[in-house]
Amino acid sequence: MASARQVNIAIIGAGGVGKCFLSQLESLAARRQSQKLVLTYIATSKKAVYSDSYSPIALDSVVSTLSSSSQAPLALPKLVDYLAASGTKTVLVDNTSSQDIADAYPSFLRRGISIVTPNKKAFSGSYKLWQDIFAAKEEGGALLYHEASCGAGLPVISTIKDLVETGDEVTKIEGVFSGTMSFLFNSFAPTSGSGGGKWSAEVAKAKELGYTEPDPRDDLNGLDVARKLTILARYAGLEVESPTSFPVQSLIPKELESVASGDEFLARLPEFDAQMEEVKAEAQKEGKVVRFVGSIDVASKQVKVGLEKFDLSHPIAALKGSDNIISFYTKRYGSNPLIIQGAGAGGDVTAMGVTSDLLKVLAQL
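If you're wondering where the values come from, they're calculated on a predicted model, not measured in any experiment.

Enquirer: Please clarify how the nonpolar core should be interpreted in this entry.
Expert: One recurring pattern in soluble globular proteins: nonpolar side chains tend to sit buried together. Core analysis: the largest hydrophobic core is formed by 80 residues, its most contacted members being Tyr-41, Phe-185 and Trp-199. Per-element tally for this core: the top contributor is helix α12 (residues 223-235), with seven residues. In this structure, Cys-20, Ile-42, Leu-59 and Val-93 belong to the second largest nonpolar core, which totals 28 residues.

Enquirer: Is there a simple way to explain the environment of Glu-257 in this structure?
Expert: Here Glu-257 shows up in the loop between α12 and α13 (262-268). The exposure class of Glu-257 is partly exposed, given its relative accessible area of 43%. The spatial distance from the C-alpha of Glu-257 to the C-alpha of Asn-221 is 9.2 Å, given a sequence separation of 36 residues. Not counting residues up to four positions away in its chain, the partners in contact with Glu-257 are Arg-217 and Ile-252.

Enquirer: Would you mind showing me how to read the sheet that holds strand β8 (residues 288-297) here?
Expert: Consider a sheet: its strands pair through backbone hydrogen bonds, and that pairing is either parallel or antiparallel. Overall, antiparallel pairing links the five strands, which are arranged β9-β8-β7-β10-β11 in an open sheet. Looking at which strands have only one partner, the edges of the open sheet turn out to be β9 (302-311) and β11 (338-343). Across the sheet, the mean angle separating the axes of adjacent strands is 20° when strand polarity is ignored. With six bridges joining them, strand β7 (residues 170-176) and strand β10 (residues 323-330) adopt antiparallel strand pairing.

Enquirer: Teacher, can you tell me more about the sheet that holds strand β2 (residues 36-43) here?
Expert: Spatial strand order, β3-β2-β1-β4-β5-β6: six strands in an open sheet with mixed pairing. Each of the sheet's edge strands pairs with one partner strand only, and the pair in question is β3 (48-50) and β6 (144-145). Where strand β1 (residues 6-12) and strand β4 (residues 90-94) come together, five bridges link them in parallel fashion. Bridge pairing links Ile-11 to Val-93 in β4.

Enquirer: Whenever I open this one, the side chain of Asn-119 confuses me. Can you help?
Expert: Along the chain, Asn-119 turns up in the loop between β5 (114-116) and α6 (121-124). A polar contact of 3.0 Å, which involves the side chain of Asn-119, links it to the side chain of Asp-94. Engagement of the side chain of Asn-119 in a polar contact is seen with the backbone nitrogen of Lys-121, the distance being 2.9 Å. Excluding its chain neighbours within four sequence positions, the residues that come into contact with Asn-119 are Asp-94, Thr-96, Ser-97, Ser-98, Ala-102, Tyr-105 and Ser-149.

Enquirer: What am I meant to see in the UniProt feature "domain: Aspartate/homoserine dehydrogenase NAD-binding" (unreviewed entry) in the protein chain here?
Expert: Those places that UniProt annotates as "domain: Aspartate/homoserine dehydrogenase NAD-binding" (unreviewed entry) correspond, in this numbering, to residues 13-147. Structurally, residues 13-147 is divided into 44% helix and 16% strand, and its ends, taken at the C-alpha atoms, are 17 Å apart.

Enquirer: Just to check I follow, could you spell out unusual backbone geometry for this structure?
Expert: Glycine aside, negative phi is the norm for most residues, and most peptide bonds take the trans geometry. Look at Ala-152: it is not a glycine, yet its phi comes out positive at around 55°. As for its position among the elements, Ala-152 is in the loop between β6 and α8 (156-165). Classification of Ala-152 as buried rests on a relative accessible area of 4%.

Enquirer: What's the story with the packing of aromatic side chains in this structure? I'm lost.
Expert: The geometry of an aromatic ring pair is captured by the separation of the ring centres together with the interplanar angle, meaning the angle of the planes. For the coordinates displayed, the defined rule picks out 13 aromatic pairs. On the numbers, 5.4 Å between centres and 40° between planes, the contact of Tyr-41 with Tyr-50 is tilted. Like Tyr-50, Tyr-41 is buried. Taken together, a centroid distance of 5.1 Å and an interplanar angle of 75° make the contact between Trp-130 and Tyr-235 edge-to-face. Of the two residues, Trp-130 sits in helix α7 (residues 127-140) while Tyr-235 sits in helix α12, which places them 105 residues apart along the sequence. Neither residue differs from the other here; Trp-130 and Tyr-235 are each classed as buried. An aromatic cluster is present here, built from Tyr-105, Phe-123, Trp-130, Phe-134 and Tyr-235 joined pairwise through their rings. Seen from the ring of Tyr-329, Lys-172 lies directly overhead, with NZ or CZ sitting 5.2 Å from the centre. Seen from the ring of Phe-188, Lys-280 lies directly overhead, with NZ or CZ sitting 4.2 Å from the centre.

Enquirer: What's the story with α7 in this structure? I'm lost.
Expert: Note: α-helices contain 3.6 residues per turn, so residues at a spacing of three or four share the same orientation. The end-to-end C-alpha distance of α7, which contains 14 residues, comes to 20 Å, matching closely the 20 Å that a straight helix rising 1.5 Å per residue would cover. Here α7 has its buried residues at Tyr-127, Leu-129, Trp-130, Ile-133, Ala-136 and Lys-137. Backbone geometry just after α7 places Gly-141 at a positive phi near 65°.

Each value, and the rule that gives it
Here the residue numbers are simple positions, counted from 1 along each chain's written sequence. With the structure being a predicted model, the display of local features is reserved for residues of pLDDT at least 70 and the display and counting of side-chain atom pairs for 80 or more, all residues being used for whole-chain, interface and lining totals. Side-chain measures here rest on the full set of heavy atoms in the structure, leaving out hydrogens and waters. In plain words, nonpolar cores are sets of buried Ala, Val, Leu, Ile, Met, Phe, Trp, Tyr and Cys residues tied together by side-chain atoms within 4.5 Å. Burial status follows relative accessibility: with a 1.4 Å probe on protein chains alone, a residue under 20% of its type maximum counts as buried, one over 50% as exposed, and anything between as partly exposed. Think of it this way: any DSSP run of H or I at least four residues long counts as a helix, any run of E at least two long counts as a strand, and we number them from the N terminus. We call two residues in contact whenever any of their non-hydrogen atoms come within 4.5 Å of each other. DSSP bridges decide pairing: two strands pair if at least two such bridges lie between them. Note on geometry: axes are C-alpha line fits, over the in-contact stretch for helices, and angles between N-to-C directions span 0 to 180 degrees. Contacts described as polar in this section are N or O atom pairs within 3.5 Å, which, within protein, must combine one atom able to donate a hydrogen with one able to accept it, while residues neighboring in sequence count only if both atoms come from side chains. UniProt positions are given in the numbering used here, feature names are shortened, and annotations may be inferred rather than shown by experiment. Pairing of aromatic rings covers Phe, Tyr and Trp, the last counted by its six-membered ring, and requires centre-to-centre distances within 6.5 Å; plane angles under 30 degrees mean stacked, over 60 mean edge-to-face, and any other angle means tilted. Charges are assigned to positions over rings by a cutoff of 6 Å between ring centre and Lys NZ or Arg CZ, combined with an angular limit of 35 degrees from the ring normal. Between the first and last residue of a helix there are one fewer steps than residues, each counted as 1.5 Å, and that sum is the expected span.

Laid out in structure tokens, this is it:
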């Protein structure tokens, strides 16, 4: 029989963020005296480790145990039943970007299984899924945190929740929400005015350094930023239907939208460098730089994602590296926004967001 202080942990996903999280969980479990954290289930899309008796899975060897396992993952409805039947408080950590798993959140929450996740799709999918998730959470008395779904480890979600729940009124949100886009434009159009390579060369360099998805079009289509804005707009009180229900500027040339692969896309991108050079030059003429930003205007219910020009002294223009910056304009903060800035991508900082959410859940269980 599990002790009253035991909390079972189930994890789906063991990729970049997943592995960083496992390492943080191992040191957390060793440090935590008040509760016994027991990993009872871990799965990737192809393999799993678990037992009918909910035996603890050793954290120091879990990666090799998982890679040599011959067990298949449980189908999601079966996983809900398996976790709920343990008789022990359980937290599901979803370190994937799977829509199927996101769609199953209401089933887990309704059965009292708490969730922490960086998965944007659960909170930026259809507005109905958003409503179902929060209704199921109340119904099951479960806890739910997703700080890392917007800005990795930066305290973005917790900040907007605190603002709204303490009765402040968010009027506008603006910022650079993508580490990839930040890196690209800080390199392509630096505030110094000189330097900055050809657009296609900067995209290739960003991919080489691991800042883009395997197919850079998955960053350049603007959808990642649109998902983050959808989440924030909903917390600010707007019933945004989906990330495709407002204007999102794609930086993929029409002619390259349907090429077969990311490599072919990169090979042909130089043909279109002149278009981006023109955008950069136009901003320079006005003494400005161009950046890829998202904005939410709450009063006019306008959400948009795309290129904007900024004065060189503007905080958005002065970003470095792949940093994110998010400015919250509210009634209380007046004309000087509350600004959050820092690394908005990377395995360790994203996993930190997940781990700090797990700590919030553990404190309440």
